[in-house]
Amino acid sequence: MDLTRHPLVVSARRLAADLLLPEAERVDQEGVPPGHVEAVKRSGLLGVSAPVEHGGAGAPAAVAREVAEILSGACCATWFVQTQHHTPVQILTQSGHPVRERLLGPLSRGELLSGVAYAHVRSAPRRPVRVRPERGGWRFDGTVPWYTGWGLNDVMLLAGVTDSGEVLSAFTEARERPGLRASAPMRLAALTAARTVSLELDGLWLPAESVALRTPYDRWAAGDRARTLHTSPAVFGVTRAALSLLDADTAAPLRARLAGIRGRAYELADGPLPEGWTGPRGNGTGPEAGTEPGAVDAWVRERLAVRARAYELLRTATTAAVVAGGGRAMALTSRAQRLAREALFLLVQGQTAESRTAHLRALGGAPGDAGGRSG
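Residues numbered from 1 in each chain as written. Predicted model: local features only at pLDDT ≥ 70, side-chain atom pairs only at ≥ 80, totals over all residues. Heavy atoms only, no water.

(A) Just the overall build of the protein chain, in detail. Looking only at helices and strands, one finds 12 helices and eight strands in the protein chain. Relative to the 2.2 N^0.38 estimate, which gives 21 Å for 375 residues, the radius of gyration of the protein chain is 21 Å and therefore close to what a compact globule would have. Its C-alpha atoms give the protein chain principal-axis dimensions of about 65 × 50 × 40 Å. Taken over 375 residues, the protein chain has a buried fraction of 54%. The contacts of the protein chain with a sequence gap of at least 6 include a subset with a gap of at least 24, amounting to 73%. Per element, the accessible surface of the protein chain, about 16,500 Å² overall, is 54% carbon and sulfur. (Helix = DSSP H or I, 4+ residues; strand = E, 2+ residues; numbered from the N terminus. Rg over C-alpha atoms; globule rule 2.2 N^0.38 Å. Buried < 20%, exposed > 50% of the residue type's maximum accessible area, 1.4 Å probe, protein only. Contact = heavy atoms within 4.5 Å. Areas by Shrake-Rupley, 256 points an atom, 1.4 Å probe, with all protein chains shown as cover.)

This is the structure we're talking about:
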């Protein structure tokens, strides 16, 4: 498949060249404007992986990754706002709940933009957001530490954990009202423009028909673990953008490393789960009884190793861009320093305790971790 000719890749390149890249430094300082969101909606990119029968493109994973690389390399803040949308679409695609018929079409067609509030669920056994049945629906209490796209999203998928240990996710409007209060937008070292807030939930009531997912925590965690082992396409998008700021001689060896690491990362992402792992492509709770532990451990280690090598190259490329820019790279109008700060953000985006430990060991040069420096 020639990715460069796919209509959505062409659309992404046009959007990046005409709007996102020329405005990226201004957006970095002032915030993602509603006009950027509307442009993304019109582009059809919000439905890249959504089912065709609901108005989406149903494109292969390779197309979705290429689109993500293009958008993140042009304006990481805009990419980060819109990337939240694809998880709710994926959940609705697989959901058997009534909300699927109400929202999957509008989300697939880009008529609505969704955010997500679920990373806090990884804090188990702590329950930052508690969910209890109330009046035929569900009551949410607690704190969502991070929510991106506030003021830009139309709806959000909100998750919490019930007293019985289930993860429950439900859709609601992304706006303040009784039971839902947002903080002021956070000032961050990178991607302040993505409008990230914390949310205080004090008896927020959502009807039963808003529920999109209800599953045992262990099953949810197995799927989440498998997803977070893979390298985000944005790492490669920002790396490619940084390399474009270097002269040919400096960039050449780094481009060769990028091709090797990127190719292996996507090969692993497209590969099968190890036998016995019933994560996001199944409905189980992780490695089952009787599974060969060594096979699962090796599967995990290789993905974490490739992820660590991708991060190493990201840091090298963005640092090289700053060095090449000299003193001018310290200006807030410099693309190089913006990319370097975005690289810092990507080091922790989607981070889990498992990936953090592996990354720190790789940075410390621990034997056997990060799989060496091949690729």
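(B) The arrangement of the confidence of the model for the protein chain in detail. In the predicted model, the protein chain carries a mean pLDDT of 92, and the fraction of residues at 70 or more is 93%. A low-confidence stretch, residues 278–292 (pLDDT under 50), is modelled with 35 contacts involving residues beyond four sequence positions or located in other chains. Here residues 368–375 scores under 50 on pLDDT; set against residues more than four positions off or in separate chains, the count is 15 contacts. (pLDDT = per-residue confidence, 0-100.)

(C) Representation of the packing of aromatic side chains. For the structure on display, the rule yields six aromatic pairs. On the numbers, 6.3 Å between centres and 80 degrees between planes, the contact of Tyr118 with Trp220 is edge-to-face. Here the residue Tyr118 occupies a position in the loop between β1 (114–117) and β2 (129–134), and Trp220 occupies one in helix α7 (residues 217–228), the gap between them amounting to 102 residues. What makes Trp220 buried here is its relative accessible area of 9%. Linked through ring pairs, Trp79, Phe80 and Phe345 together constitute an aromatic cluster. Arg65 extends its terminal NZ or CZ atom over the ring of Tyr266, reaching a point 4.3 Å from the ring centre. (Phe/Tyr/Trp six-rings, centres within 6.5 Å; stacked < 30°, edge-to-face > 60°. Lys NZ or Arg CZ within 6 Å of the ring centre and 35° of its normal.)

(D) Broad picture of the pairing of β1. Residues of β1 alternate between two faces, with Ser114 and Val116 on one and Gly115 and Ala117 on the opposite face, all of them buried. Bridge count for β1 against strand β4 (residues 155–162) is four bridges, and the pairing is parallel. Opposite Gly115, over in β4, you have Met156 as the bridge partner. (Pairing = 2+ DSSP bridges.)

(E) Highlighting unusual backbone geometry. Here the residue pair Ala124 and Pro125 is connected by a cis peptide bond, since its omega of 15 degrees sits within 30 degrees of zero. Position of Pro125 among the secondary structure elements: in the loop between β1 and β2. Even without glycine at this site, Leu191 takes up a positive phi of about 60 degrees. Using a relative accessible area of 3% as the deciding quantity, one classes Leu191 as buried. Its identity as a non-glycine residue notwithstanding, Arg195 has a phi of 60 degrees, on the positive side. As for its position among the elements, Arg195 is in the loop between β6 (180–182) and β7 (196–207). Classification of Arg195 as partly exposed rests on a relative accessible area of 25%.

(F) Molecular detail of the packing of helix α1 (residues 7–30) against helix α11 (residues 335–348). One way to put it is that α1 packs onto α11 with a least axis distance of 11 Å and a crossing angle of 65 degrees. Remark: the crossing between α1 and α11 carries left-handed chirality. On α11, the residues that touch Leu21, Ala24, Glu25, Asp28 and Gln29 of α1 are Arg335, Arg338 and Arg341. In terms of residue class, the contact of α1 with α11 is built from two nonpolar, one polar and five charged. (Axes fitted to C-alpha atoms, helices over the stretch in contact; angles between N-to-C directions. Left-handed = near helix turned anticlockwise from the far one by under 90°. Nonpolar A, V, L, I, M, F, W, Y, C, P; charged D, E, K, R; others polar.)

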